[in-house]
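Listed here are the chains, written in short residue letters.
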Amino acid sequence: MGKGNLMIMLCIMATVSLSFGEDEVTGGEVELNDEGFEVRENVVILTNDNFDEAVKKYPILLVEFYAPWCGHCKQLAPEYAAASEVLLKHDPPVVLASVDATVHSDLAQRFEVSGYPTLRFFKNEKDYEYEGPRQKDGIVDYMKGIADPSWAPEPEAVVTLTKENFKEVTDLADLMMVEFYAPWCGHCKRLAPVYEKAAKQLLKEDPPIILAKVDATKESELAKEFDVQGYPTLKIFKKGKSRDYTGQRNSEYDIISYMVKQKGDGAVQVDSLKDLKKFFSTEDITIIGFFSSPDDILVQPFKDVADELREDYTFGIVYNEAARKAYKINDGSVVIFNAERFYTKFEPKWHVLAVKPDTDADAIKTFIKKHDLPLVGHYSRTGTMAKRYDDRRPLCMVFYSVDFGFDHREATQLWRNKIAAIAKQYPDITFAVADDEEQSEGLKQFGLDETGEEMNIGIHGADKKNYPMEAMDEFDSDHIKDFLDAYRKGQLSPFIKSQVPPKKQGPVITVVGKTFDKIVLDESKDVLIEMYAPWCGHCKSLEPIYLSLAKKLKSEKNLVIAKLDATANDVPEHFSVSGFPTLYFAPATSEGKRNPLKYDGGRDVESFEKYLRENAVASFGKKSKEEL
């Protein structure tokens, strides 16, 4: 067969082999280009096998990582193909390529692809994040700029610190953040582009806010000095004083928003008694430092705490003598004022800490933590009080029509005061009221969402389980106290959110809340379980791969490949879910069930099987320690 006929035959074979199962993202016939790569509508098709070859072959390459089901990818497809047609004629030519990230998951993982479509460009084999438009003309203009021989990447906005310059830089900065990272850390790699984008924006602030980084594997002395226990660790610095970063880090906007809020003092200066009365929060505690003057040596520890906790509380600082006398407060005091709506006869209206010369920031924080909730507060989506309640266990939640507005305030307070009289007798339990309509999801955690009762009560236990109280015909203090006493004695059964167990099982075993212990915690079985959400695109992409794995290994009688809808079923705390899909491997034996391994490997059959063979205890011909 001649060379020309061979090329024609290859093109026909490629077209035929890919004509089935085409999707809207990559529709059209497949051909071979001059370099031997498959091309569809001017876009080079890349795979695990040819990706690195393409990066070496094409000096300027733009790559789209897509998912066939992704709506944004479908919208981009015609624009991307049209841009490719133009850019191939440019001098020098710019090649556009695509990768089905749901098939070539190793490539997606390698380039930290977390959403679709993700675009990266390569110039002379170095890769960069594409930050340009998603329309034809915008793509063309952006990539022409990249192709210009004079193009060079912008200098990093993130400042690199070492032990030689660290103290000098942090001591001078009014406000900055430092990331302690490890080059090999996956979380650090994912944070890097987010951190860099935030750094660029924050340099535009007046004055600029600096973001810096320290390679903690090289600067081990600095890492030890600042108690770096994991990567990445983020610290806020103000004139050399450090504290932990407590904000989100999912996007550059999280970091930008948090850092902008850190500008200035955390404690607002209040100049008069009249202003102080206006300053008090109506919905939460207010923390006021009363001092004789700004030069008082006791002021700085209070300001340090206010800076650190400004996201969680309202802080004020008062130097006015008349204001101190009005509340009979001595000079040098930190006072936590309850909001007036939470006053009861069972607790003081405010709490006072007399600041002494040896009182430090930690002592002030301990005092705040002890008194930052009223005896019976309000668990609500608005404000910051709910966040504090989420850290307190056991927590007794009382659900009814909670409304502090003028028309309903009297009824709301009547019920709350009755609960306060009970709460006073149970100092080891935290209490809060919650509106049953606003907190409908909270009611579901106890299985109380359909009781129709005027008041429902449940306890979020210290063991992370939820305990509902049986309904009352009418308010009965003794009934509530019996419930609380039974909780203390460990006599209550928790509510477990669960779907109905399936009547028939397939190769992948479906687990629900009620069957979790029986299936997943079976100490005679090695169990791989996927926690998924029905709406999750990544979960849908994994489904056929996961099914193939289960079919391939079905002869392993001591191995269970399982899945659970984590949106509809409760799971034990040590199987916590932070995103979808989350996979755990629970080896046979009691230790394996108490401490399951989080699976972070490849999402293909071969990677799964390799992992299972290496970590299994009772499968693949292995015997558990109990059997030896």
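As the structure is a computational prediction, the values presented were derived from the model and not from experiment. (Residues numbered from 1 in each chain as written. Predicted model: local features only at pLDDT ≥ 70, side-chain atom pairs only at ≥ 80, totals over all residues. Heavy atoms only, no water.)

Trainee: Would you mind going over the side chain of Thr-170 with me for this structure?
Mentor: Here Thr-170 shows up in helix H6 (residues 166-172). From its side chain, Thr-170 meets the backbone oxygen of Phe-166 in a polar contact 2.9 Å long. Not counting residues up to four positions away in its chain, the partners in contact with Thr-170 are Leu-161, Met-176, Val-178, Phe-237, Lys-239 and Gly-240. (Helix = DSSP H or I, 4+ residues; strand = E, 2+ residues; numbered from the N terminus. Polar contact = N/O pair within 3.5 Å; in protein donor to acceptor, adjacent residues only side chain to side chain. Contact = heavy atoms within 4.5 Å.)

Trainee: Quick question: what am I supposed to make of unusual backbone geometry here?
Mentor: Backbone geometry follows two general trends: most residues other than glycine have a negative phi, and most peptide bonds adopt the trans configuration. For the bond from Tyr-231 to Pro-232, the omega torsion is -10°, close enough to zero to count as cis. With respect to the helices, strands and loops of the structure, Pro-232 is situated in the loop between helix H8 (220-225) and strand E11 (233-238). A cis amide bond links Arg-393 with the next residue in sequence, Pro-394, at an omega value of 0°. Locating Pro-394 in the fold gives a position in the loop between helix H14 (385-390) and strand E19 (395-400). Within the chain, Glu-125 stands out as a residue other than glycine whose phi angle is a positive 75°. In this structure Glu-125 comes out as partly exposed when scored by relative accessible area, which is 49%. Residues other than glycine seldom take positive phi values, yet Lys-464 does so here, at roughly 70°. Mapped onto the fold, Lys-464 is located in the loop between strand E21 (456-460) and strand E22 (466-468). (Buried < 20%, exposed > 50% of the residue type's maximum accessible area, 1.4 Å probe, protein only.)

Trainee: How should I be thinking about the sheet that holds strand E16 (residues 333-337) in this particular structure?
Mentor: Sheets are built from strands paired through backbone hydrogen bonds, the pairs being either parallel or antiparallel. Taken together, five strands build an open sheet; the order of strands is E13-E15-E14-E16-E17 and the sheet is mixed. Edge positions in the open sheet fall to strand E13 (267-270) and strand E17 (350-354), since each of these has one partner strand only. Going across the sheet, the axis of each strand differs from the next one's by a mean of 25°, ignoring polarity. Where strand E14 (residues 286-290) lies against E16, five bridges are found, and the strand directions are antiparallel. Across the sheet, Ile-288 pairs through a bridge with Val-335, a residue of E16. In the packing of helix H11 (residues 299-309) onto the sheet, contacts are made with E13, E14, strand E15 (314-318) and E16, and the angle to E15 comes to roughly 160°. Those strands touched by helix H13 (residues 361-371) are E14, E15, E16 and E17, and its axis lies near 165° from that of E17. (Pairing = 2+ DSSP bridges. Axes fitted to C-alpha atoms, helices over the stretch in contact; angles between N-to-C directions.)

Trainee: Would you take a moment to explain the packing of aromatic side chains for this structure?
Mentor: Each pair of aromatic rings is reported with the distance of its centres and the angle of its planes. This structure, assessed with the given rule, holds 40 aromatic pairs. Relative to Phe-111, the ring of Phe-51 has its centre 5.3 Å away and its plane inclined at 45°; by these criteria the two rings are tilted. A residue pair is termed long-range when its members are at least 10 positions apart, and Phe-51 in helix H2 (residues 51-57) and Phe-111 in the loop between helix H4 (105-110) and strand E6 (118-123) qualify at 60 residues. Phe-111 matches Phe-51 in its accessibility class, with the two residues each being buried. (Phe/Tyr/Trp six-rings, centres within 6.5 Å; stacked < 30°, edge-to-face > 60°.)

Fair warning: the whole summary comes from geometry, so function is off the table for now.
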